[in-house]
Structures are given as C-alpha cells and as structure tokens.
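Here is how the chains run, residue by residue.
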Amino acid sequence: MTADLFQGWGTQLFWGTMVTLKVAFLSLLAGLAIGLAVALAKLSSSRLLRVAGDVYTTCIRGTPELLIILLVYFGSTVALSAALRRIGGPDTHFEMPALGAGVLALSLVFGGYAAEIFRGAFLAIPAGQIEAARAFGMRPATLFIHIRLPLMWRYALPALGNIWISLIKNTSLISIVGLEELMRVSYVATSVTRSPFHFYVLAAVIYLTLTIANSLIIDMLETRANRGVRRV
Amino acid sequence: MDVSLMIDSVPRLLEGAVVTLKLLLLTEIIGFVFALPLGILYANGSRAVRAPIYGFVYFFRGTPLLVQIFIVYYGLAQFEAVRHSLLWPWLRQPFVCALIACALHSAAYTTNILRGAIQAVPAGEVEAARACGMSAFQVQRLIVLPVALRLMLPAYSNQAIGMLKGTSLASTITLMELTGVANTIVASTFSPYEIFIMAALIYLAITLVITRCFKFAEYALSKHQRPLASAAATPEQVRHAD
C-alpha cells in the first residue's frame, strides 16, 4: 500500500520535505530579525529611517514573491561574478546556491510583512505599561526587553502565524530556481513515473499537513502568550 | 545599471502586464461568482452543508498556489478521459489552466472573507429586519449582503493584491505574463537587475491602482456614515442657550 502510494519515491519526498522545513525555519529566523529592525526604523524619530522603512515594506508587499526570488537568484549571481572578477579572481561564472538565494529572498519578503505587524503591535501596547516601567526606574534597554517585547509579542502572534503559514507555502517557489525541496522532488518524480496528478496531489497533501500542524502550534503559542490575560 | 535597457524593455513588459491584468480580472470575477453562494452557505448553512465548503476552503488555503496550478496543468493530462474529452483543446492552454487554478484559489479565500463579513453584520440589524416582517431571503438580500459586502472590502482588497502576485506563478507553466516576459528578456540579455526591477515597478503601479480603487469603493459605499456637509455646524453657528 505505502509502496504503491509513494511509488518508490518515499525517501526522496521525505528529504524534500526536510529541505522545505529547513528553508522555512532559516527564513523565519532571518525574517523576524529583518522585520524587527525595519519596524523599529519605521517607529524611530529619524525621518530618513522612517521613509526608508516605508519604501522597503511598500516595495516588498507590492511585488510578487516569485519575482523577488528570481531577482535575488539571478541578481546575486551577476553581482558575485562581477565581485569575483574585480578582486582578481578567475573569470568564471559564479552561481549563487539556490538555498542561499531562496532563504535570502523569502526572509526579505517575510521581513517586509513582519515589519508592519511588529509596528502595529508596538503601537498597541498600552501607554500605562510603559509609564509604570519608567516609574520603576527601568532603563530603556531593560524596558524594551522585559516590557515592550513580551507585550508586543502577544499582539503580533496571530498575524505572525498567518505570514508563517504563507512562508511555508512560498518555499515551493524556490523549486523554480532548482532547489531540491518538496516541490522539485515531486516534479522530478512526475517526469520519471509519468503520473503528475498523483505526485502533485501527494505534495499538496504534505503541504496541507505542514500548514495544519503549524496552525496548531501557533494556537498553542497564542494560548501561552496570553496566559497573563484575564478571561471575562 | 543600464537605463536605456530598462526603457527598451518597457513595451514588451507592458504587453505582459496586459496578460497579467486579463488573468487577474477574470480570476477575480469567476472567483467572486463562486464565492458568493459558498460564502452565504458557509455562514448560514447546516453542519452538513458547511463541512464540504470547509474542506474546499481549507485545501486551497493550506496548499501553495504553485501546486494547485501544477495539478491542473500537468496533473489533469494524466487521465486518458481528460485528453480525449471535448474540453481538451481548452485544458491544454496555459492561460486556461492558470485561470482555473487561480479562480478556485481566489474563490476559497473570498468565501472565507465573505463568511467573516456576514458574521460581522450587527445582530441588531438582522433582528430589526425580521421584526419588520422580512422573509429570510429578503433579510439576506436587503440587509445582510449589502452590509457584508461593504465590511469585506478591506480584506477583499488584500486578497486582490495577493492574487495579482499569485498570477506571476502562471509564468511557470509557460504563460507569457509580466513575470514570464521579464524572465525571457533576462535570459537573452542577462541583466537581471534592470529587467526585474522594471517589472517590479509595473507590479507596484498595478498594486497602487487596485488599492486606490478599493479605497474609493469604500468611501463611496459609506455615504451614510459621513457627516452631512450642510449639517456640520461651524463654530459661529453654535448658539449657546444663555
């Protein structure tokens, strides 16, 4: 039964799924860092930083993810080749690894959306909490780490969960530049077995499992983040 | 950065943009036509009615659009019956396949948005309509749907912009829309920055137009919530009782 279901591609599909998860988690970490930095830039008192942050989020959210992946992949290949020639390296064609380009592109996308969410969440913190922390004599750094971040996290989590699910789905786009993740493995499998419907539906079911499992994890995180909130 | 190359690429990119817009418009129209009854049933139907709609929405929201496009374009051709059917001349065209996948994807998202909007219609308004003696159909047509359609606009505009970005995936099944054209030009000139940034600017412009259209629709549909120009009292018009 199982042998028939995977038609001998079970192992490859499993490792493909692992690559998908690896790309997703690496992009999540880098994307959260970018998002936080851009959110702070958008909230800063410097006009230049605010404008730069606005331009970044507008551009990222208005262009297709596929285009950003293509731009980063082909763009970095051209840039790295040129840089290599300039430092006197061999005149060869340097190719950017698909994993690095994919993670970079997806974390830029995730960062753009996360920045807007973080900004809103920082603004949603009740002023009284900040005031109380100051009254206790907290230094700005302590206040940020112990008051602002945990409170912001609670407001940001539901929306962050949504873009995390989109990020998992967007990893499939890296298959276009040749990374051997779930989608690419399915593509290779279909060209060998000649049963595209079977393998693409199988890939869809695996993606569905990933997204359902992750929504459950996000629900748990939300419950935990809200443990200090009194239910009426 | 080669500016002349960027300018030279504009006419071809705009041709691609027309295909993108055509795909987007048809996707949204077909998606909405499907979503309207599904959303109403999803919000009001019995458990047995909601279950299949829930499955449909969950499948299309939980899997990547790329997989859905590949299932339609490559997957359906696996079946002998499809290849020998009357629809085959249509189903082998990348545009039709992209449209089918995108429209179903859009329908699933819009169904969910519409359900949320219908459930957000204030209960008092529905109650008042019933108290006036309206039939269930009249309540839906005259009270619930007009209010829900206005409430869903902000979320629907996000969905439309997401769908615009989704149409770029049609380039993977050889459709020559904006991203596909950009990719082809890059393959022959190998200057990715110029061409892809130019394409990104066109996408940004389309996004801007869509956002503006929805902002306008929201404004036009909220006439009853705006203060009347003639009724707004200016300071000198305010007379105090004493």
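All values reported here derive from a predicted model rather than from experimental measurement. (Residues numbered from 1 in each chain as written. Chains lettered and ligands numbered in written order. Predicted model: local features only at pLDDT ≥ 70, side-chain atom pairs only at ≥ 80, totals over all residues. Heavy atoms only, no water.)

(A) Spotlight on the overall build of chain B. Within chain B, the secondary structure is distributed over 11 helices and 0 strands. Starting at the N terminus and walking to the C terminus, you meet the elements of chain B as α-α-α-α-α-α-α-α-α-α-α. Its C-alpha atoms give chain B principal-axis dimensions of about 80 × 55 × 25 Å. Expressed as a percentage of contacts within chain B between residues at least 6 apart in sequence, the contacts between residues at least 24 apart total 78%. For chain B, the exposed area adds up to about 13,000 Å²; of that, 67% sits on carbon and sulfur atoms. Counting 17 positive and 12 negative side-chain charges, chain B places the centres of these two groups 11 Å from one another. (Helix = DSSP H or I, 4+ residues; strand = E, 2+ residues; numbered from the N terminus. Contact = heavy atoms within 4.5 Å. Areas by Shrake-Rupley, 256 points an atom, 1.4 Å probe, with all protein chains shown as cover. Lys, Arg positive; Asp, Glu negative; His and termini not counted. Charge placed at Lys NZ, Arg CZ, Asp CG, Glu CD.)

(B) Expanded view of the overall build of chain A. Within chain A, the secondary structure is distributed over 9 helices and 0 strands. When the elements of chain A are put in sequence order from the N terminus, they spell out α-α-α-α-α-α-α-α-α. Side chains of chain A give 19 positive and 11 negative charges; the mean places of these two sets differ by 12 Å.

(C) Examining the packing of helix H7 (residues 140-170) of chain A against helix H9 (residues 196-225) of chain A more closely. Residues and elements named next belong to chain A. Direction vectors running N to C along H7 and H9 enclose 170°, while the axes themselves pass 10 Å from each other. Viewed along their axes, H7 and H9 adopt a mutual orientation that is roughly antiparallel. The residues of H9 that touch H7, namely those facing Trp153, Arg154, Leu157, Pro158, Gly161, Trp164, Ile165, Ile168 and Lys169, are Tyr207, Leu210, Thr211, Asn214, Ser215, Ile218, Leu221, Glu222 and Ala225. Broken down by class, the residue content of the contact of H7 with H9 amounts to 11 nonpolar, 4 polar and 3 charged. (Axes fitted to C-alpha atoms, helices over the stretch in contact; angles between N-to-C directions. Parallel < 35°, antiparallel > 145°, perpendicular 65-115°, else oblique. Nonpolar A, V, L, I, M, F, W, Y, C, P; charged D, E, K, R; others polar.)

(D) The interface of chain A and chain B, seen in detail. Tallying the contact residues gives 38 residues for chain A and 34 residues for chain B. Overall, the association of chain A and chain B removes approximately 3,100 Å² of surface from exposure, summing both partners, and the carbon and sulfur fraction of that is 80%. Together, Leu67, Lys169 and Phe197 of chain A form the three largest contributors to the area buried by chain A at its contact with chain B, with a combined 18%. At the junction of chain A and chain B, the tally comes to 1 salt bridge. With its nearest N and O atoms 3.9 Å apart, the salt bridge here joins lysine 165 of chain B to glutamate 65 of chain A. Summed over the shared surface of chain A and chain B, the result is 9 residue pairs in polar contact (both at pLDDT 80 or more). Breaking the side of chain A that touches chain B down by element, the ones donating at least two residues are helix H3 (47-62), helix H4 (65-86), helix H8 (182-193) and H9 of chain A. Broken down by element, the residue count for the side of chain A that touches chain B peaks at 11 residues, all from H9 of chain A. Tallied by class, residues from the side of chain A that touches chain B come to 22 nonpolar, 12 polar and 4 charged. (Buried area = accessible area lost by both parts, 1.4 Å probe. Salt bridge = Lys/Arg side-chain N within 4 Å of Asp/Glu carboxyl O. Polar contact = N/O pair within 3.5 Å; in protein donor to acceptor, adjacent residues only side chain to side chain.)

(E) Quick peek at the UniProt feature "transmembrane region" (unreviewed entry) in chain B. All names here are of chain B. Per the UniProt annotation, the sites labelled "transmembrane region" (unreviewed entry) are residues 20-43, 55-76, 88-109, 169-189 and 195-214. Within the segment residues 20-43, helix and strand shares are 100% and 0% respectively, and the terminal C-alpha atoms sit 32 Å apart. Summarising residues 169-189: 57% helix, 0% strand, and an end-to-end C-alpha distance of 22 Å. (UniProt positions renumbered as here; feature names shortened; annotations may be inferred.)

(F) Geometry of the environment of glutamate 180 of chain A. All names here are of chain A. Residue placement: glutamate 180 occurs in the loop between H7 and H8. Given the relative accessible area of 46%, glutamate 180 is considered partly exposed. Beyond its immediate sequence surroundings of up to four residues, glutamate 180 is in contact with Gly16, Val19 and Val185. (Buried < 20%, exposed > 50% of the residue type's maximum accessible area, 1.4 Å probe, protein only.)

(G) Region of the structure containing the environment of threonine 209 of chain A. Residues and elements named next belong to chain A. Checked against the element boundaries, threonine 209 lands in helix H9. For threonine 209, a relative accessible area of 48% corresponds to the partly exposed category. Expressed as a C-alpha distance, the spacing of threonine 209 and leucine 67, which sit 142 residues apart in the sequence, is 27 Å.

(H) How the structure looks around the pattern of salt bridges. Residues and elements named next belong to chain A. One pass over the full model with this rule turns up 4 salt bridges over all chains. The salt bridge involving aspartate 54 is made with lysine 42; its shortest N-O contact spans 3.0 Å. Here aspartate 54, found in helix H3, pairs with lysine 42, found in helix H2 (residues 10-43); they are 12 residues apart in sequence, far enough to count as distant. Judged by its relative accessible area of 9%, lysine 42 is buried. Because the salt bridges share partners, they merge into one network encompassing Lys42, Asp54 and Glu116.

(I) Spotlight on a nonpolar patch on the surface. Judged by side-chain polarity, Ile212 and Leu216 of chain A together with Tyr54 and Tyr58 of chain B come together as a nonpolar surface patch covering roughly 370 Å² of accessible area. Put simply, the parts of the chain that give the nonpolar patch at least two residues each are H9 of chain A together with helix H2 (47-62) of chain B. Residue position: tyrosine 54 of chain B is located in helix H2. Classification of tyrosine 54 of chain B as partly exposed rests on a relative accessible area of 45%. (Patch = residues over 30% accessible without salt bridge, like charges linked within 9 Å, V, L, I, M, F, W, Y side chains within 5 Å.)

(J) Fine view of H8 of chain A. If you check H8 of chain A, its first and last C-alpha atoms are 16 Å apart, about what 12 residues at 1.5 Å a residue would give, namely 16 Å. Among the residues making up H8 of chain A, those that are buried are Leu182, Met183, Val185, Ser186, Ala189 and Thr190 of chain A. The arc enclosing the buried residues of H8 of chain A, seen along the axis, measures out at 160°, which places them on a common side. The inward-facing, buried residues of H8 of chain A contact H2 and H9 of chain A together with helix H3 (65-75) of chain B. Where H8 of chain A terminates, the next one or two residues include arginine 194 of chain A, which has phi positive at roughly 60°. (Expected span 1.5 Å × (residues − 1). Arc of directions from axis to C-beta.)

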